[in-house]
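Residue-level structure breakdown
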Amino acid sequence: MITVKKVFIYSNSKETYTFLYSVEWLLGVDVDTIITTDESVFENIIDNFNFKISYYNSIDKCICNCDIAIVYNDRNIPENVTDYIKNASAIQNKTYIEIDSSKSAEYKKENKFDFSNENYFDIPAVVIFSLGLTTIPIKTELDINKIFMNAGVTINQFLSPCSSNIVKQFRDAGIGRSRVDLFNNNQANVSVYFFDLQNNLNCIKKYHNVLANIKPDYILVLTDNDFFDYDELLMYIKCYCFKHPDIIVKSRWLSIGNNMFCHLDNLPQEKNHLVLDFEDKNFYNKLQFDLLSKISLAEGIKRIK
């Protein structure tokens, strides 16, 4: 891959954090340095990445020292700030990408499962449930995509609304590699589905007909940091999917009130063997081994490559 030396990410702390785990995949490049104005949240996770993280106390310095500027506009960023970054990037001949978070709502309407193609029923199905407000789905979704891609497995993948929004806007901007063929393929070996349970396990009930058609072969549940009711979770998943979750992926974020989020440096000691720490350095390898060793793939497809 081509190396882009420096990428400036401007957003709130949680969204900047999200891009740290997905920017290389989205850009289709090896990143040397991420530039941000927010030092406090990221100083304890620097070792999780192959790139460096640099901090500057002004937007001007960030733009001056970057090759690409990415703004994730969650509608809390003043318009004059986004305009300033856009104009300053243009003046300095820097690539500028602005992701409009409000468009995620459009994908909630589009995130419908079309079962007119009966081939969907004949291939293994991976199901991702998101339970909570700070589960950061895009990292796990893109990790799954990468795992199957590296194993030579073609997939149909129905992304979460937020991830769909981000991927489409990167593609529409002409930045990074085209990912259309990596999400939709009529000759797919595996289908990957996403279901948002919001913050209530009861939401799974509205998907019972869909889940009966899918018959999941592999189930991941994404949870917030403050979720611990595993017995109830296992009961619900078993009832509606006829099997227990294979992995529970736990975020280190939790929500405090409306639109306020807190990141914890460490997860509390977990006794449940199904739980994986979102920020574990070996998260990808653990997920890869578990996923490819359990799901049945088409003949000739290697389970681990």
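What you are looking at is a predicted structure, and each value in this text was computed from that prediction instead of being measured.

Comments concerning the overall build of the protein
Secondary structure assignment for the protein yields 11 helices and 13 strands. Counting only residues that meet the buried cut, the protein has 54% of its 305 residues in that class. In the protein, of all internal contacts separated by at least 6 residues, the share reaching a separation of at least 24 is 77%. When the accessible surface of the protein is summed, it comes to about 14,700 Å², and 47% of that surface belongs to carbon and sulfur atoms.

A look at the nonpolar core
Counting 55 residues, the largest nonpolar core has Val7, Phe19, Leu27, Val126, Ile144, Phe148 and Phe170 as the members making the most contacts within it. Counting residues in each nonpolar core, the second largest holds 27 residues, with Ala125, Tyr207, Tyr230 and Leu233 among its members.

Overview of helix H1 (residues 13-20)
Counting buried positions over the 8 residues of H1 gives 7, a clear majority of the element. The set of residues buried in H1 consists of Lys14, Glu15, Thr16, Tyr17, Thr18, Phe19 and Leu20.

Thoughts on the pairing of strand E2 (residues 30-36)
Counting buried positions along E2 yields 5 of 7 residues, so the element is predominantly enclosed. Both E2 and strand E3 (residues 52-55) contribute to a ladder of 4 bridges, which runs parallel. Looking across to E3, one finds that Thr36 is bridged to Tyr55.

What to know about the sheet that holds strand E8 (residues 190-196)
Here we have 6 strands laid out as an open sheet, ordered E7-E8-E6-E9-E10-E13, and parallel in their pairing. Strand pairing shows two members of the sheet lacking a second neighbour, strand E7 (155-157) and strand E13 (275-277), which therefore form its edges. Sheet twist, expressed as the mean angle between neighbouring strand axes with direction ignored, is 20 degrees. Direction of pairing for strand E6 (residues 125-131) relative to strand E9 (residues 218-223): parallel, over a ladder of 6 bridges.

Comments concerning the environment of Gly152
Here Gly152 lies in the loop between helix H6 (137-150) and E7. Relative accessible area serves as the criterion here: at 43%, Gly152 is assigned to the partly exposed category. Separated by 37 residues in the primary sequence, Gly152 and Asn189 have C-alpha atoms spaced 9.6 Å apart.

Parameters at a glance
- Residues numbered from 1 in each chain as written.
- Predicted model: local features only at pLDDT ≥ 70, side-chain atom pairs only at ≥ 80, totals over all residues.
- Heavy atoms only, no water.
- Helix = DSSP H or I, 4+ residues; strand = E, 2+ residues; numbered from the N terminus.
- Buried < 20%, exposed > 50% of the residue type's maximum accessible area, 1.4 Å probe, protein only.
- Contact = heavy atoms within 4.5 Å.
- Areas by Shrake-Rupley, 256 points an atom, 1.4 Å probe, with all protein chains shown as cover.
- Core = buried A, V, L, I, M, F, W, Y, C linked by side-chain atoms within 4.5 Å.
- Pairing = 2+ DSSP bridges.
- Axes fitted to C-alpha atoms, helices over the stretch in contact; angles between N-to-C directions.

Note that all results are geometric; they support no functional claim without further evidence.
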